[in-house]
Amino acid sequence: LEDKFYNLHFAPYMNARGESEGVVVVMQDVTTQQKLDQMRKEFVANVSHELRTPLTTVKSYTETLIDGAIDDREIAMQFLSVMEKEADRMTTLVQDLLELSRIDNKQMQLDMRPLDLKEIVKETIEAQKIHIEKKGHRIIYEADEEMIYNMIGDSARIRQILHNILSNAIKYSIDPGTIHVKLYKNPNIITLQVKDTGIGIAKPDLERIFERFFRVDKARSRSQGGTGLGLSIVKEMVELHHGKISITSKPGKGTTVTVQFNVS
Ligand code: ADP
């Protein structure tokens, strides 16, 4: 009873002669409603906070520029590049929010076509190569080149799934490490695995990893341009494709993300 919320309704209990014999109490379990309300409130508070933070930065840098910093070209350029980064972060946040809202309202239009997952994986790795190399990471890609990893899916969404998982592996590997991308298939299931040697995730955090806005280390995520929505979008996208996602991790050792699609 402790974890639950109830609305209580009282009514007098009358016997056949119309005399009051006691009270009838109706307990209405409103736990689900309460939890949903709570989640909605937290979500709105999170969105407001996440938008206000970059806005505050942009505003204070603008003021400093107006107050004279604009005359120092070097400082002005520094400020402007921070402002650009913050504006980019806000754009990403709004895009992610719109995406989630479309999913929630079941308005997500999926363009389902046959595709070869192997090609998408290769292209996504290629697109991120510059970030991988900049941080000194090594990437190993492993798949049976002869095999066709065909599935029916929305290629833009599948790309997004891969992009988010791979960019997390890059972001959360502080020292140069190895990112291992593996694709394999048994007759009915294609498995995609992204394994990193990064900072890892402790068990209590791992349980909350798909929650919207959940981040193990807010400052670190923010400094990397993260919104805390990436993995929740990934999970929704995987499920829209009737797939499964799981994450295992060891703090200080690394993280493995596994996505499976049924292709029977
Ligand atoms: P973010 O935008 O913060 O990266 P995500 O939803 O993609 O948001 O991830 C949520 C949090 O999970 C991250 O802030 C980070 O703390 C943790 N995380 C995700 N992927 C990894 C990883 N490969 N290694 C370590 N931590 C990770």
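Computed from a predicted structure; not experimentally measured.

Chemist: Would you mind going over the nonpolar core with me for this structure?
Modeler: In summary, soluble globular proteins display a tendency toward joint burial of nonpolar side chains. Among the nonpolar cores identified, the biggest contains 43 residues, and Leu117, Val121, Ile158, Ile161, Ile165, Val181 and Phe261 are the most heavily contacted of them. With seven residues, helix H4 (residues 155–171) is the largest single contributor of residues to this core. Excluding residues within four positions of it along the chain, Val121 makes contact with Tyr141, Leu162, Val181, Leu183 and Leu192. Residues Leu65, Ala76, Phe79 and Met83 belong to the second largest nonpolar core, which totals five residues.

Chemist: Just to check I follow, could you spell out the pairing of strand E1 (residues 6–14) for this structure?
Modeler: Successive side chains on a regular strand alternate, one facing one side of the sheet and the next facing the other. Pairing geometry for E1 and strand E2 (residues 20–29), over nine bridges, is antiparallel. Bridging from a neighbouring strand, Asn7 pairs with Gln28 of E2. The loop that links E1 with its antiparallel partner E2 comprises five residues; one of these, Gly18, has a positive phi angle of about 85°.

Chemist: Got a minute to help me understand the packing of H4 against helix H7 (residues 230–240) in this structure?
Modeler: For any two helices packed against each other, the geometry is given by the interaxial angle and the distance between the axes. The contact between H4 and H7 brings their axes to 9 Å, and the two run at 145°. Classified by chirality, the crossing of H7 by H4 is left-handed. From H4, Arg157, Gln160, Ile161, Asn164, Ile165 and Asn168 reach across to H7, where they touch Gly230, Leu231, Ile233, Val234, Met237 and Val238. Looking at the contact of H4 with H7, its residues break down into seven nonpolar, four polar and one charged.

Chemist: Where do I start with the pairing of strand E7 (residues 189–195) in this structure?
Modeler: The buried count for E7 comes to five of seven residues, which makes it a mostly enclosed element. Bridge analysis of strand E6 (residues 178–185) against E7 gives six bridges, and the strand direction is antiparallel. Counted as the bridge partner of Val181 is Val194 from E7. Taken together, E6 and the strand that follows it, E7, pair antiparallel across an intervening segment of three residues. Two strands pair when backbone bridges link them, and E7 and strand E9 (residues 254–262) are joined in this way by seven bridges, in the antiparallel orientation. Pairing of Leu192 across the sheet is with Val259, part of E9.

Chemist: Any chance you could explain the site of the ligand here in plain terms?
Modeler: Around the ligand, the structure places 20 residues, and the nearest of them are Tyr172, Asp196, Ser221, Thr227 and Leu231. A distance of 2.9 Å separates an oxygen atom of the ligand from a polar side-chain atom of Lys171. Here a nitrogen atom of the ligand sits 3.3 Å away from a polar atom, N or O, in the side chain of Thr255. Contact with the protein chains hides 97% of the accessible area of the ligand, taken as 530 Å² for the molecule alone. Taken together, the elements giving at least two residues each to the shell around the ligand come down to H4 and H7. Among the elements that make up the shell around the ligand, the one with the highest residue count is H4 (three residues). Tallied by class, the residues present in the shell around the ligand amount to nine nonpolar, eight polar and three charged.

Criteria and cut-off values
- Residues numbered from 1 in each chain as written.
- Predicted model: local features only at pLDDT ≥ 70, side-chain atom pairs only at ≥ 80, totals over all residues.
- Heavy atoms only, no water.
- Core = buried A, V, L, I, M, F, W, Y, C linked by side-chain atoms within 4.5 Å.
- Buried < 20%, exposed > 50% of the residue type's maximum accessible area, 1.4 Å probe, protein only.
- Helix = DSSP H or I, 4+ residues; strand = E, 2+ residues; numbered from the N terminus.
- Contact = heavy atoms within 4.5 Å.
- Pairing = 2+ DSSP bridges.
- Axes fitted to C-alpha atoms, helices over the stretch in contact; angles between N-to-C directions.
- Left-handed = near helix turned anticlockwise from the far one by under 90°.
- Nonpolar A, V, L, I, M, F, W, Y, C, P; charged D, E, K, R; others polar.
- Near = heavy atom within 4 Å.
- Polar contact = N/O pair within 3.5 Å; in protein donor to acceptor, adjacent residues only side chain to side chain.
- Areas by Shrake-Rupley, 256 points an atom, 1.4 Å probe, with all protein chains shown as cover.

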